[in-house]
Amino acid sequence: MAGAQIDKRSRLVSAAVGLAYQNGFGATSLADIAREAEVPLGNVYYYFKTKDEIGEAIVELRLAEMSAQRQRWSEAGSPKDRLCACVHGVFENKDLLAEQGCAVGTFCSELHKAGGPVASRATEIFAQHLAWIERQFRELGQGKESKGLAVHLLSALQGASVLAHAFHDSALVATETKRLKNWIQSL
């Protein structure tokens with residue numbers, strides 16, 4: 001029975017992630033999530049009492065996904081290699097970014113417009129990512145400049161994602177990620 005509960009909950013979270021990415025979190029109803037997950041609407045309330053709880057589950061999933069991604073990047077030899085792996089991760093998603101935008105960036109932005117505790121919690125997604133990038137710059141010996149360089153890199157990646165989506169042009173991501181890798185290698 002416990003396995004079925006976990007399966008339903010994970011299906012609900014997965015459906016919520018996909019629908020929030022496709023339609024926006026605010027435009028996604030509990031009924032939409034239940035239908036997509038093929039779970040009766042009444043069962044949704046067993047796992048999530050409010051839509052904010054579903055938002056929290058999405059944040060937790062994104063935190064776990066980003067943490068796992070950073071762990072993979074951390075296996076690269078040098079800080080430059082790790083930063084380039086981070087940039088390459090954006091490059092690998094260039095087509096999806098051009099089509100639908102950044103899943104994390106759009107979700108966080110939408111939550112912040114609405115405000116509330118889930119929006120505050122969502123800040124942690126970018127905060128952890130920014131801290132990891134900053135650590136790589138510190139290991140490169142960038143000292144006090146590390147935080148500013150981290151903000152610059154993350155801003156450039158998010159900006160390229162926004163522009164690629166706005167223009168439906170994945171080449172914008174390809175161009176910017178190539179430039180960023182060259183910049184990192186020059187440090």
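If you're wondering where the values come from, they're calculated on a predicted model, not measured in any experiment.

Conventions and cut-offs
- Residues numbered from 1 in each chain as written.
- Predicted model: local features only at pLDDT ≥ 70, side-chain atom pairs only at ≥ 80, totals over all residues.
- Heavy atoms only, no water.
- Helix = DSSP H or I, 4+ residues; strand = E, 2+ residues; numbered from the N terminus.
- Buried < 20%, exposed > 50% of the residue type's maximum accessible area, 1.4 Å probe, protein only.
- Contact = heavy atoms within 4.5 Å.
- Areas by Shrake-Rupley, 256 points an atom, 1.4 Å probe, with all protein chains shown as cover.
- Lys, Arg positive; Asp, Glu negative; His and termini not counted.
- Charge placed at Lys NZ, Arg CZ, Asp CG, Glu CD.
- Phe/Tyr/Trp six-rings, centres within 6.5 Å; stacked < 30°, edge-to-face > 60°.
- Lys NZ or Arg CZ within 6 Å of the ring centre and 35° of its normal.
- 1 Å grid on protein atoms, 1.4 Å probe; cavity = no way out; pocket = protein on both sides within 12 Å on 5 of 7 lines; lining within 4 Å.
- Points joined across faces, edges and corners; volume = space filled by probe spheres on them.
- Nonpolar A, V, L, I, M, F, W, Y, C, P; charged D, E, K, R; others polar.

Peer 1: What is the right way to read the overall build of the protein from this model?
Peer 2: Counting its regular elements, the protein contains ten helices and zero strands. The order of α-helices and β-strands along the protein, N terminus first, is α-α-α-α-α-α-α-α-α-α. Principal axes of the C-alpha set define a box for the protein whose edges measure 55 × 35 × 30 Å. Evaluated residue by residue, the protein yields a buried proportion of 39% over its 187 residues. If you take every contact in the protein between residues at least 6 apart in sequence, the share linking residues at least 24 apart comes to 69%. Accessible surface computed for the protein: about 9800 Å², of which carbon and sulfur atoms make up 55%. In the protein, the 21 positive side-chain charges and the 21 negative ones have mean positions that sit 4 Å from each other.

Peer 1: It is not clear to me how the packing of aromatic side chains should be interpreted in this structure. Could you clarify?
Peer 2: Both the distance between ring centres and the angle between the ring planes are used here to describe each pair of aromatic rings. If you walk through the whole model with that rule in mind, you get four aromatic pairs. Measuring from ring centre to ring centre gives 5.8 Å for Phe25 and Phe107, while their planes differ by 90°; the resulting arrangement is edge-to-face. Placement of Phe25 in the loop between helix 1 (2–23) and helix 2 (30–37) and of Phe107 in helix 7 (residues 103–114) is noted, with a sequence separation of 82 residues between them. Accessibility expressed as a relative area gives 8% for Phe25, which makes it buried. Judged by its relative accessible area of 5%, Phe107 falls in the buried class. Geometrically, the ring pair formed by Tyr46 and Tyr47 is edge-to-face, given 4.9 Å between the ring centres and 85° between the ring planes. The lysine or arginine in question, Lys51, covers the ring of Phe25, its NZ or CZ lying 4.8 Å from the ring centre. The positively charged end of Lys94 is found above the aromatic ring belonging to Phe91, 4.4 Å away from the centroid.

Peer 1: What am I meant to see in empty space enclosed by the protein here?
Peer 2: Over the atoms rolls a probe the size of a water molecule, and in doing so it shows where empty space is left. Using the criterion set out here, one finds one cavity of 30 Å³ or more in the structure. The volume enclosed by the largest cavity comes to roughly 50 Å³. Every residue lining the largest cavity is listed: Val17, Ala20, Tyr21, Ile58, Arg62, Ala103 and Phe107. Within the residue set of the lining of the largest cavity, elements represented by two or more residues are helix 1, helix 4 (51–74) and helix 7. Element by element, the count of residues in the lining of the largest cavity is highest for helix 1, at three residues. Looking at the lining of the largest cavity residue by residue, the classes come out as six nonpolar, no polar and one charged.

Peer 1: I'm lost on the layout of surface pockets in this one. Help?
Peer 2: Counted as a void, the largest pocket has a volume near 550 Å³. Lining the largest pocket are 23 residues, and of these Met66, Gly89, Asn93, Cys102 and Val104 lie nearest its centre. Of all elements in the fold, only helix 4, helix 5 (79–92), helix 6 (94–100), helix 7, helix 8 (117–139) and helix 9 (146–167) reach the threshold of two or more residues within the lining of the largest pocket. Sorting elements by how many residues they give to the lining of the largest pocket places helix 4 first, with six residues. Its residues assigned to classes, the lining of the largest pocket comprises 13 nonpolar, seven polar and three charged.

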